[in-house]
Amino acid sequence: MTDHAQRTDEDIARLEQMLREDTELAPGGARRISELLGTIALKDLIHVLERMPSVRAALILRLLPRQRSIVAFEALDAAHQADLVDALGDDSLTSFFDALDPDDRVSLLDELPAEIAERLMRSLDESEHGLTSVILGYPKGSIGRHMSPEVPMVRVELTAAQALEALKEQNDRVETVYTVPVVTADRKLVGVTSLRRLLMAGGEEGVDTLMDTPVYAHTGDPDEETARWFRALDLLALPVVDDSTRLVGMVSIDDAVDIIEEADNEDTARSGGSEPLQRPYLTTPVWKLVRSRIVWLGVLAVSALLTVSVLDAFEDALAAAVVLSLFIPLITGTGGNTGNQAATTVTRSLALGDVRKRDALAVMWRETRVGLILGTLLGALFGVLLGILYGPSIGVVLGLTLFVVCTLAATVGGIMPIIAKVVGADPAVFSNPFITTFVDAAGLVIYFLIAKTVLGI
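As the structure is a computational prediction, the values presented were derived from the model and not from experiment. Once a new chain begins, its residue numbering starts again from 1 and follows that chain's sequence as written. Per-residue local features of the predicted model are confined to residues with pLDDT of at least 70, and side-chain atom pairs are confined, for both listing and counting, to 80 or more; whole-chain, interface and lining totals are unaffected and use all residues. In computing side-chain properties, one takes all heavy atoms of the structure into account and sets aside hydrogens as well as water.

A. The arrangement of the sheet that holds strand S1 (residues 154-155) in detail. Judged by pairing direction, the sheet is mixed, and its 3 strands sit side by side in the order S1-S2-S3 without closing on themselves. If you trace the sheet from one side to the other, it starts and ends with S1 and strand S3 (189-194), each paired once. Two strands qualify as a pair provided DSSP detects at least 2 bridges between them. Starting at the N terminus, helices and strands are each numbered in turn, a helix being any DSSP run of H or I of at least four residues and a strand any DSSP run of E of at least two. Pairing analysis gives 2 bridges linking S1 to strand S2 (residues 179-183), with the strands arranged parallel. Bridge pairing links arginine 155 to valine 183 in S2.

Structure representation (structure tokens):
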């Protein structure tokens with residue numbers, strides 16, 4: 001670690017300690033904290049804000065210079081911003097809210113109680129109120145909800161020199177000028193050019209000769225799906241149009257990354273049997289951590305009763321061959337892991353657009369073949385090994401069981417996310433927790449049926 005990095009870490013640690021220990025925050029404490037805040041980089045400042053309770057985080061924002069505090073507030077997740085609302089006070093909150101871009105304002109408003117959201121909307125001037133209201137008019141989950149209505153644009157009949165002058169006039173009221181939509185007089189999108197191309201062109205060269213065929217999204221398109229294919233194109237911004245192909249906004253690449261990150265976090269949490277926190281872990285209240293997990297634990301506990309019922313139904317078989325109980329964890333673990341692997345792969349492919357609902361049969365057949373191969377390999381390996389240790393009949397039972405369970409688990413794990421997509425549910429919800437429970441119960445039924453047949457019990 002360099003001396004500079006070590007000093008930075010020491011400053012951050014000292015700042016966090018002062019914020020936690022100086023509960024009354026005497027005037028001298030405020031001055032020392034303010035001095036420390038001036039020594040750390042923005043990324044480290046944001047890290048500190050994410051680790052502090054809302055009252056202390058709000059204090060940090062008030063001690064910072066106005067522009068630096070606005071930038072730090074904008075960098076926080078919308079849910080975390082919402083947690084700071086009560087602690088900031090009306091003046092600071094209004095200042096931060098006014099400084100946000102319209103799409104970021106909408107994300108924050110979605111996290112706030114209705115009365116606070118209405119109060120903040122009333123604080124905006126007429127122009128900003130109108131821009132924010134436009135985005136609020138689009139449904140949640142649509143790309144229109146994430147676009148900026150403040151977009152640069154040039155008319156198709158202009159020259160390069162005229163287009164540059166037009167962009168200079170628009171510069172103060174647009175979010176980005178690097179990707180430049182080309183429109184007709186009635187705002188219909190006909191092409192896309194770039195600031196670089198306009199700068200490098202001859203002044204009298206027409207914009208119509210400098211533009212490419214536009215790649216765009218419609219306001220009602222799904223946000224995650226749009227963000228994923230947009231990011232794959234390596235574009236800086238994506239025009240958004242209405243049903244008449246009129247330009248209404250732009251989505252920047254950083255907005256697309258935020259959409260994808262939020263979707264991935266949600267999928268990861270739900271595949272593990274909990275709800276996403278939507279805020280930094282250390283600043284999430286304990287009761288919210290409990291609430292994010294308790295429902296899933298309850299559902300899975302009830303589902304696990306299926307496994308208990310299976311064991312109860314085959315109690316006589318277990319009593320006749322106690323050795324069978326030794327291999328229950330092997331059967332349930334292997335089946336659950338096989339199903340989870342298939343479900344995770346297909347869920348991810350659905351999110352990336354590699355797999356669609358119409359591919360259900362193809363996915364099922366592919367995962368069935370994968371399961372057959374995995375079952376053959378694992379069944380042969382453990383069948384031989386356990387046959388040597390516990391006798392040939394036990395080896396046959398375990399080998400056949402692993403073969404069937406792996407095939408079943410891979411097939412079910414591959415098809416369940418697609419079924420979820422068809423019925424409008426979240427594929428991540430249908431994946432690991434429920435598949436594990438289903439495969440556990442089905443695997444034990446298969447195990448005991450094969451054991452009864454082979455061992456004659």
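B. Geometry of the packing of helix H3 (residues 42-51) against helix H4 (residues 54-63). Following both chains from N to C, one finds H3 and H4 inclined at 150°, their axes separated by 8 Å at the closest point. Considering the angle they form, H3 stands roughly antiparallel to H4. Contacts between H3 and H4 involve Leu45, Val48 and Leu49 from the former and Ala57, Ile60 and Leu61 from the latter. Three categories are distinguished: nonpolar for Ala, Val, Leu, Ile, Met, Phe, Trp, Tyr, Cys and Pro, charged for Asp, Glu, Lys and Arg, and polar for the others, with Gly belonging to the last. Residues belonging to the contact of H3 with H4 are distributed by class as follows: 6 nonpolar, no polar and no charged. Working convention: axes come from line fits to C-alpha atoms, limited for helices to the stretch in contact. Angles between N-to-C directions cover 0 to 180 degrees. The scheme is simple: roughly parallel for angles under 35 degrees, roughly antiparallel for over 145, roughly perpendicular for 65 to 115, oblique for anything else. The contact definition used throughout considers only heavy atoms, calling two residues in contact when any of these lie within 4.5 Å.

C. Representation of the pairing of strand S6 (residues 247-252) in the model. When accessible area is computed with a 1.4 Å probe and restricted to protein chains, residues below 20% of their type maximum are described as buried, those above 50% as exposed, and intermediate ones as partly exposed. Counting buried residues along S6, 6 of its 6 residues qualify, which places the element largely inside the surrounding structure. Note: strand S5 (residues 237-241) against S6, 5 bridges, orientation antiparallel. The residue of S6 that forms the bridge with proline 239 is methionine 250. Linking S5 back to S6 in an antiparallel pair, the connection comprises 5 residues, with threonine 245 at a positive phi of about 60°.

D. Quick look at the pattern of salt bridges. Here, a salt bridge means any Lys or Arg side-chain nitrogen found within 4 Å of an Asp or Glu carboxyl oxygen. This model, assessed by the stated rule, comprises 9 salt bridges. Note that arginine 145 and aspartate 110 form a salt bridge whose closest N and O atoms lie 2.7 Å from each other. Note that arginine 145 is positioned in the loop between helix H11 (126-136) and S1 and aspartate 110 in the loop between helix H9 (102-109) and helix H10 (114-123), a separation of 35 residues in sequence. For arginine 228, the salt bridge is made with aspartate 264, and the minimal N-O distance between the two is 2.5 Å. One end of the pair, arginine 228, is in helix H14 (residues 223-232); the other, aspartate 264, is in helix H15 (residues 253-271), with 36 residues separating them in the sequence.

E. Inspection of a nonpolar patch on the surface at higher detail. A patch consists of residues exposed above 30% relative accessible area that lack any salt bridge, with like charges linked at up to 9 Å and nonpolar side chains (Val, Leu, Ile, Met, Phe, Trp, Tyr) linked at up to 5 Å. Per-residue and other accessible areas follow the Shrake-Rupley method at a 1.4 Å probe size, with only the shown protein chains counted as cover for residues. Taken together, Leu326, Val384, Leu385, Ile388, Leu389 and Tyr390 make up a surface patch of nonpolar side chains, about 640 Å² in accessible area. You can see valine 384 is positioned in helix H19 (residues 360-390). Owing to a relative accessible area of 55%, valine 384 belongs among the exposed residues under this scheme.

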